[in-house]
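Understanding the architecture of this molecule
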Amino acid sequence: LDPESGKTQMVAVPWAGAGSRWTLAFEALALAVIQVSRSLEDARRLLRLNWESARKIMQRAVERGLARREEDVMSELGVDEKSFGKGQDFISVLTDIGGKRVLDVVRGADKPSALALLETLSWEQSLGVEAVAMDRSPTFIAAVSEALPGASIVHDPYHLSADINKAVDLVRRQEQKVLLSLGDNTLTGTKFHWLRNPMNMAPEKLASFSLLASLALKTSRAWGIKELFGGYWEQPDAAAGERYFAKWYARTIRSRLEPMKKLARSFRRSLPNMLTWFAHRISNAM
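All of the points below concern the structure found in this document. Numbers given to residues run from 1 along each chain, matching the order in which its sequence is written. Local features in this predicted model are restricted to residues whose pLDDT is 70 or higher, and side-chain atom pairs enter the listing and the counts only when it is 80 or higher, whereas totals over whole chains, interfaces and linings include all residues. The basis for the side-chain values is all heavy atoms of the structure; hydrogens and waters are excluded.

**Considering the overall build of the chain**
- Within the chain, the secondary structure is distributed over 13 helices and five strands.
- The globule rule used for comparison is 2.2 Å times the number of residues to the exponent 0.38, while the radius of gyration itself is calculated over C-alpha atoms. By the compact-globule yardstick of 19 Å for 286 residues, the chain is too spread out, its C-alpha radius of gyration being 26 Å.
- The buried label applies to any residue whose accessible area, calculated with a 1.4 Å probe on protein chains only, is under 20% of its type's maximum; exposed applies above 50%, and partly exposed to all values in between. In the chain, buried positions account for 39% of the 286 residues.
- A 1.4 Å probe and the Shrake-Rupley method give the accessible areas. Residues count as covered only by the protein chains that appear here. For the chain, the exposed surface amounts to about 17,200 Å²; the carbon and sulfur share of it is 55%.
- With 40 positive and 33 negative side-chain charges, the chain shows a spacing of 9 Å between the two charge centroids. Working definition: helices are DSSP H or I runs of at least four residues, strands are E runs of at least two. Numbering for both runs from the N terminus. Working convention for charge: Lys and Arg count positive, Asp and Glu count negative, and His plus the chain ends are omitted. To locate a charge, the coordinates of NZ of Lys, CZ of Arg, CG of Asp or CD of Glu are taken.

Right under this line is the structure:
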């Protein structure tokens, strides 16, 4: 009660937010419970809250996080697209790689969508961005080049490995079609064998796959090219990476496997933004 005006006034307290029914300590507990619960419904029952109260606690946490984020300097970001629904709709996602968090999401995967994501950064934050990890989409490249001209574009292991896997699988599908016409089902049911890391296979499956990979198959040669490219990421710097790539490229072009040759040519065009990985070593795999 204000002694001069006689009116009741609200005062800020260190243990609760303005207008909140709960202390900050309880809100922190509630958020921890929500994060480890299977659903918001399970969490609110444990906390003995109604649905609206649980939603308000989550919303207040988001508001506090956004307020803090406006001051954060983030040197390495990720831009990626994701499909949802039946795979016909796309969203674009902006992530803080160092902080391991999603910064924003917008509908679409075109240049305006990517620009809308990057415009959520403050001027100071934009100046602090050193590198952005992304796939080889011309859309994202154009958006980042326009909005963050001082940032390096990094084509990361996550996306390049996905590109290689697609090429290997295309070789497998082409060869399987020919083999099946001859009554040979050697490649039937082996799709994921060629895409999986052999180091993650159980001993018995590794032995079976090793036998398969030793056969005189085009798919085996394509898989060998894929595995050989893995050495690129082990190089100490960009100069060594460029030399390694040159050797891998020469071998792939001589492979007589059109999907792998097409991939190698596209990688060579993207090489400047592949070599930036050695300076930043970031990935969108998160």
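**A closer look at the pairing of strand 5 (residues 152–155)**
- As paired strands, strand 4 (residues 131–134) and strand 5 are joined by four bridges and run parallel to one another. In the sheet register, Ala131 faces strand 5, and the bridge partner there is Ser152.
- The handedness of a crossover follows from its direction of travel: if, with the strands pointing away from the viewer, the path from the first strand over the helix to the second runs clockwise, the crossover is right-handed. The β-α-β motif built from strand 4, the intervening helix 6 (residues 138–147) and the parallel element strand 5 has right-handed crossover chirality. Two strands pair if DSSP finds at least two bridges between them.

**Brief notes about helix 11 (residues 238–253)**
- In this model helix 11 runs 22 Å from its N-terminal to its C-terminal C-alpha over 16 residues, within 8% of the 22 Å that 1.5 Å per residue would give.
- The complete set of buried residues in helix 11 reads Ala240, Gly241, Phe245, Trp248, Tyr249 and Thr252.
- Contacts are residue-level and defined by heavy atoms, with any inter-residue pair within 4.5 Å sufficient. Of the surrounding secondary structure, the elements contacted by the buried residues of helix 11 are helix 10 (218–229), helix 12 (258–275) and helix 13 (277–280).
- As used in this structure description, the phrase polar contact means that two N or O atoms lie within 3.5 Å; if the pair is within protein, one of them must be able to donate a hydrogen and the other to accept it, and residues adjacent in sequence are counted only when both atoms belong to side chains. At the N-terminal boundary of helix 11, the capping side chain belongs to Asp237, with an oxygen 3.3 Å from the backbone nitrogen of Ala239. In this scheme, a helix's expected span is set at 1.5 Å multiplied by one less than its residue total.

**Describing the nonpolar core**
- Formed by 37 residues in total, the largest nonpolar core has its most connected members in Phe229, Tyr232, Phe245, Met260 and Phe267.
- Those elements that provide at least two residues to this core are strand 4, helix 7 (157–181), helix 9 (203–213), helix 10, helix 11, helix 12 and helix 13.
- A total of seven residues in this core trace back to one element, the largest contributor, which is helix 12.
- Apart from residues no more than four positions distant in its own chain, Phe229 is found in contact with Ile164, Tyr244, Phe245, Trp248, Phe267 and Met274. Residues grouped as a nonpolar core are buried Ala, Val, Leu, Ile, Met, Phe, Trp, Tyr and Cys residues, joined through side-chain atoms within 4.5 Å.

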